[in-house]
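Here is how the chains run, residue by residue.
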Amino acid sequence: MGLEAKLTKDGFITTTLDAVIAWSRKNSVWPMPMGISCCAIEMIAAADPKYDIARFGSEVMRFSPRQSDLMIVAGTVTYKMAHVVRRIYDQMPDPKWVIAMGACTSSGGMYRSYNVVQGIDQFLPVDVYTAGCPPRPENLLNALMAIQEKIGKSKARDYQDIPLEKIIK
Amino acid sequence: MKKEINISNDEKLLKALMSQAADITIDDALENDMIINMGPQHPATHGVLRVVLRLDGEKVISSVPELGYLHRGYEKMAENMSYIEFIPHTDRLDYTATMCNNVAYVLAVEKLIGIEAPKRAQYIRMIIAELSRIAAHMVAIGTFAMDVGAVTMVMWTFRERETIQNIFDRVAGARFTTSYTRIGGVASDIDDVSLKMIKDFLDQFAAALDEMARLLNSNKIFLDRLDGVGVLSKEEAIAHGVTGPSLRASGVEYDVRRAKPYLFYNEMDFNIPTYTEGDCLARYHLRAEEVKESVKILYQCLEKIPAGEIIANEPKKVLAHKTEIYSKMEELIHDFMIINQGINPPVGDVFFSAENPKGELGFYMVSNGTGYPWKLKIRSPSASNLQVLPILCKGCMVSDVVAIIGSLDPVMGEADK
Amino acid sequence: MKEIILQKINAQIPGAVIESVEFRNDLSITVKRENLLKAAQILYSDPELQFDMCKDVTAIDWAKRKERFTVVYQVYSFKNNFELRIKVNLEESDLSIESLTSVWKSANWYERETFDMYGINFKNHPDLRRFYMPEEFEYYPLRKDFPLLGIPGSLPLPEHEK
C-alpha cells in the first residue's frame, strides 16, 4: 500500500539482481554461536530483551553449522578446541562470514600461555574483529552491522570462480 | 625432531569408557552398542564439555567426560605475575558470577599476608558477592530451563540479570568482568545512588521471582522431565567431593558461609535451604530458594552498612589511592615498591575457600617470600561436581544427560582453569 | 584437634609424621611416603576423626631442592569442621606415590590432574590418563622447567588453507 506507491510509478522496480540478493542476505544473517567462554554470556545478553539481536534479522541462533551463515567465535580458543572450531567452520555452507568476538579470539587476549592460540586468524579467515574483554553487546551489534555492510557490497561474481569441489564439501 | 602429534587421539578415553561397564552384556536384537560423542560444541553442554557416551539404544550404559578444551594455563600464569596482577584473571574463572571470584581471591591473599580490610569494604564485598550470586543463579536457572525446553525462562532471567549488570556498571565501571576488589579493600566507594538502585532492584525482584516460579513449578512437562532424574545420594556426594547446591540438594547442610564464616556472614541472619531427594528438581528448587536467601542478606547489608574507609591502611602491602600517590612522597615510594617488587608475603602456604554459587572455590597459595606466588592452585567447584556425572548418567536416556548437566551447572572456565 | 590427629596416627604407625606446621590457623602435616596410605585410612575411618571429604590434591615443584616435589592433599571432616593438609615429599628419581582413590573417591580426578601437570605417577590408580592436555602431549606443563609460552610445535594447529 505505502511502499509500492512510493517506489513505483507503473508497477516496475529497476534494480540489479546482486542488490536484491545482497539486501535479503544481509537482513537475515543467522549466526552460529560458537560460545566457548565468557564472551558467550555477553552473546546471550545480546540476544536478551534489552539488546535484542533479533531486530537485526538474527532471529534464530542456530547451533547447527549447516543451517547458519555467520560464525561468532566467542571465547578463548585453545589448541585442543581449535581443531573443533575449524571442523565446524568447514561444515558451514558458503557464503559464510566470521566475527572474532573479544580480545581472546583477535589476538590471544590476556592469555599469553602455552595452550591458547594467539588469535583465530591463524587458522580461520576472519571478517570482523571486535575489541573488548568481553565486548559489550552493543559492540557485538556494531560488528554485526559491519558484516551487514560487507554483505551489502558483495556481488555474485565473487562466488563464480570457486571450483565445485570447494563448494561441495 | 619431534613426531607429529595427533591432538584428537582418543584411544585411552575409549578404553576407559569400555572398561567402566565391563559387566554389562547386551542382549538386544541388534546386539551392539553405540558410542556417541556429545561434543565440545553442543547447545546444551554449558560450555566446552565433551561427554563420550556408550549407548544401548537410548539408554546410557557408561559415559566419560573429557575436559581441557578451555585450559588456559591459569596456574602457570599465576606463577609469573604478581598477586595484584592476577585479580583480572580471577574474573574469568566462573564467568557467571564474576565478583564472587574476585572476593574469594583477595580474601585468600589477605589471609596469606595477615591483614584485614576495613568494615565498610567487607560490607561492600558482601553486597557485590550476593548480587553476583543472584546473577549466577539467574544464568543457571535460565539456561537449565532452556535446555529442558522452557525457552522463555532464559529471556526473563537475563532481563533480571541486566538490571544487576547495570548496578555493577555504576559501582565498578564494567558490567561483566569487573576486577573490583583489591587486596585490602575495594577499588572505589559505593555511593548512595547505587545503594538506592540496589534497593529498587530488590523491591521489584520478589514479584519477578514469583512470576518465574508460576511459570515452571507446576508445569507437568517440567516436573516429568526432572523428577527422579539424576539422583545423587549423600554418601556419593561426600565421597566425590561435590560442594555447593548439588551437595545441599542431597541432604548435607554444608555452607562455607556458616562453617567457616568470612566477611561478616556470622552477623547476618539467613537460612541454608537443604533438600534430601538429590534429583534435578531438588537442585533447581534449591537454587531458587538460595536466591531468596541472598535477597534477605542483601536487605540486611543495606541496612547495616557502616561509613568508613574502603581500603586498609597498610602502606607496605596495599596500594594507596591515586591522588595520594601523585601528591605525597612516601605513597609514591610505596607504590613503586609494591608494583615493582610485589607485596612480599611471609613464606608459607594457605588454603582459603569461599562459597561461590557453583560450590566451594578454594585457593591454595604457596609463597616463597617474593612478590610472585610460588604456586597457586585453584580448587574449582565445577571440576569436582563434574566428577559425579558418570554416576548420575548411568541408566538414563540421552536427553536426561542434558538435564543432569544443566542441574549440576558446570562452568568450563572454572573447571578447565 | 592437632594433638588428637597426631596421637591417633602415631599410635598405629609411629614415626610416620615428620613434621607438623600451623600457619594462619591451617594445620599441615608431612608424612613419609610409605606410610601415606595407612595414615589416610586412619584419618578416614577413625570414628573421632572422620575426614570424609578430600577437597583437593596437588603438587608443588620446588625446582632446586633435593626432594623436588611435594604432593599435597587437602581433606576435611564434617563432624569436627576441621581442615587438614597432608604433604608428602618426593624425589625426582622415584616419582611415584600410592593413589588414595581407595580411600577418597574424589581423589580420582585430582590425581589425574596432578599427573597431567607434574608427571607424578600414582600407583593403583584406576584410570591414569591426562586430564587437560591432549593425550599425546609430551611435556608436563606446571613443572618449573617448562616455559610459560610453551614449546613451539608441541601442539599442532588444525589443517587450513592459507
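Note that this is a predicted model, so its numbers are computed, not measured.

Cut-off values and rules
- The numbering scheme is per chain: residues are counted from 1 as the chain's sequence reads.
- Chains and ligands are labelled by the order in which they are written, letters from A for the one and numbers from 1 for the other.
- Whole-chain, interface and lining totals are the exception, using all residues; otherwise, since this is a predicted model, local features are given only for residues with pLDDT of at least 70 and side-chain atom pairs are given and counted only at 80 or more.
- The secondary structure listing takes helices from DSSP runs of H or I that are at least 4 residues long and strands from runs of E that are at least 2 residues long, numbered from the N terminus.
- Any two residues are considered in contact once their C-beta atoms, placed from the backbone, lie within 7 Å.
- We call Asp, Glu, Lys and Arg charged. Ala, Val, Leu, Ile, Met, Phe, Trp, Tyr, Cys and Pro are nonpolar, and the rest, Gly among them, are polar.
- Every C-beta atom is placed from the backbone, and the number of other C-beta atoms within 10 Å of a residue's own sets its class: buried at 20 or more, exposed at 12 or fewer, partly exposed in between.
- Here, strands pair whenever DSSP counts at least two bridges between them.
- All axes here are fitted lines through C-alpha atoms, helices being fitted over the stretch that makes contact, and every angle between N-to-C directions spans 0 to 180 degrees.
- Comment on the angle field: the value is read as roughly parallel under 35 degrees, roughly antiparallel over 145, roughly perpendicular from 65 to 115, and oblique elsewhere.
- In predicted models, pLDDT denotes the confidence assigned by the predictor to each residue on a 0 to 100 scale.
- Annotation comment: domain bounds sourced from an automatic or database domain assignment.
- The length a helix should cover is 1.5 Å for every residue beyond the first.
- Put simply, a crossing is left-handed when the front helix is turned counterclockwise from the back one by less than a right angle, and right-handed when it is turned clockwise.

Across its full length, chain C holds 3 helices and 7 strands. Starting at the N terminus and ending at the C terminus, chain C contains elements arranged as α-β-β-α-β-β-β-β-α-β. Dimensions of chain C, computed from the C-alpha atoms along their principal axes, are close to 65 × 30 × 30 Å. Within chain C, counting contacts between residues at least 6 apart in sequence, those at least 24 apart form 48% of the total.

This part takes up the interface of chain C and chain B. Many analyses report the size of an interface as the accessible area lost when the parts associate. On the side of chain B, 37 residues touch chain C, which itself brings 34 residues to the contact. Only β3 (53–61), β5 (82–90) and α3 (107–118) of chain C provide two or more residues apiece to the side of chain C that touches chain B. For the side of chain C that touches chain B, the leading source of residues is β3(C), giving 6 residues. Grouping the constituent residues of the side of chain C that touches chain B by class yields 16 nonpolar, 6 polar and 12 charged.

A separate point is the environment of L70(B). Mapped onto the elements of the fold, L70(B) is located in the loop between β3 (59–66) and α2 (74–78). On the basis of neighbour count, L70(B) is assigned to the buried category, with 28 C-beta atoms found within 10 Å. Setting aside its immediate chain neighbours within four residues, L70(B) contacts I36(A), S37(A), T76(A), T78(A), M81(A), G47(B), V48(B), M412(B), G413(B) and D416(B).

Listed per partner, the contact involves 28 residues of chain A and 28 residues of chain B. Among the secondary structure elements, those contributing two or more residues to the side of chain A that touches chain B are α3 (38–46) and α4 (79–91) of chain A. Sort the elements by how many residues they give to the side of chain A that touches chain B and α4(A) lands first, with 6 residues. Split by residue class, the side of chain A that touches chain B holds 18 nonpolar, 6 polar and 4 charged.

Here we come to the sheet that holds β3(C). Residues and elements named next belong to chain C. The strand order across the open sheet formed by 5 strands is β1-β2-β5-β4-β3, and the pairing between neighbours is mixed. Edge positions in the open sheet fall to β1 (17–23) and β3, since each of these has one partner strand only. Sheet twist, expressed as the average angle between the axes of neighbouring strands with direction ignored, equals 20°. Relative to β5, strand β2 (residues 26–31) runs parallel, the two being bridged by 4 bridges. Its bridge partner lying in β5, S28 is registered against R85. Running at roughly 10° to β3, α3 makes contact with β3 and β4 (69–77) of the sheet.

Residues and elements named next belong to chain A. Read across the open sheet, the 4 strands follow the order β1-β2-β3-β4; overall the sheet is parallel. A strand with exactly one partner marks an edge of an open sheet, and here the two such strands are β1 (31–35) and β4 (128–130). Pairs of neighbouring strands in the sheet enclose a mean axial angle of 20°, with direction left out of account. Here strand β3 (residues 97–101) runs beside β4; their pairing, made up of 3 bridges, is parallel. Across the sheet, the residue bridging to A100 is Y129, located in β4.

When you tally the buried positions in β3(A), you get 5 out of 5 residues, the bulk of the element. The alternating pattern of β3(A) places W97(A), I99(A) and M101(A) and V98(A) and A100(A) on opposite faces, both of which are buried.

Right, let's get into the packing of α3(A) against helix α6 (residues 137–152) of chain A. Two quantities define a packed helix pair, namely the angle between the helix axes and the distance between the axes. All names here are of chain A. It is the contact of α3 with α6, at a shortest axis distance of 9 Å, that shows an interaxial angle of 75°. Taken together, the axis directions place α3 and α6 in an arrangement best described as roughly perpendicular. Contacts from E42, M43, A45 and A46 in α3 reach P137, L140 and L141 in α6. Grouping the constituent residues of the contact of α3 with α6 by class yields 6 nonpolar, no polar and 1 charged.

This part is about the confidence of the model for chain C. Per-chain confidence: chain C averages 88 in pLDDT, with 99% of residues scoring 70 or above. With a pTM of 0.91, the predicted complex shows an ipTM of 0.93.

Moving on, we get to the domain arrangement of chain B. Residues and elements named next belong to chain B. Segmentation of chain B into domains returns domain 1 (11–66) and domain 2 (74–415). Taking only C-alpha atoms, the centre of domain 1 and the centre of domain 2 are 33 Å apart. Each partner contributes to the interface: domain 1 provides 18 residues, whereas domain 2 provides 18 residues. Of all elements in the fold, only β2 (50–56) and β3 reach the threshold of two or more residues within the side of domain 1 that touches domain 2. When residues of the side of domain 1 that touches domain 2 are assigned to their parent elements, the largest contribution, 6 residues, is made by β3. Broken down by class, the residue content of the side of domain 1 that touches domain 2 amounts to 10 nonpolar, 6 polar and 2 charged.

Residues and elements named next belong to chain B. Between its first and last C-alpha, helix α5 (residues 119–148) extends 43 Å over 30 residues, near the 44 Å set by a 1.5 Å rise per residue. Of all 30 residues in α5, 27 are buried; the element is thus mostly enclosed. Count one or two residues on from α5 and you reach G149, which has phi positive near 135°.

Both trends apply: most residues other than glycine have a negative phi, and most peptide bonds are in trans. Put simply, D94(A) and P95(A) share a cis peptide bond, and its omega is -15°. Tracing the backbone shows P95(A) in the loop between α4 and β3. Put simply, C133(A) and P134(A) share a cis peptide bond, and its omega is -5°. Of note in this structure, N25(C) is not a glycine but carries a positive phi near 65°. Following the sequence through the fold, N25(C) ends up in the loop between β1 and β2.

Turning our attention to the environment of H46(B). Residue and element names in this part refer to chain B. Among the secondary structure elements, H46 is positioned in the loop between β1 (34–38) and β2. The exposure class of H46 is buried, given the 25 C-beta atoms found within 10 Å. Considering only alpha carbons, one finds H46 and V411, 365 residues apart in sequence, at a separation of 6.6 Å. Dropping the residues within four chain positions of it, H46 is found in contact with T143, I405, G406, P410 and V411.

Turning our eyes to something else, we now look at the packing of α5(B) against helix α6 (residues 152–172) of chain B. All names here are of chain B. Running from N to C, α5 and α6 point in directions that differ by 160°, and their axes come no closer than 8 Å. The pairing of α5 with α6 is recorded here as roughly antiparallel in orientation. The handedness of the crossing between α5 and α6 is left-handed. When α5 is examined against α6, the residues I128, L131, I134, A135, M138, V139, I141, G142, T143, A145 and M146 are found in contact with a partner set consisting of M153, V154, T157, F158, E160, R161, I164, I167 and V171. In terms of residue class, the contact of α5 with α6 is built from 15 nonpolar, 3 polar and 2 charged.

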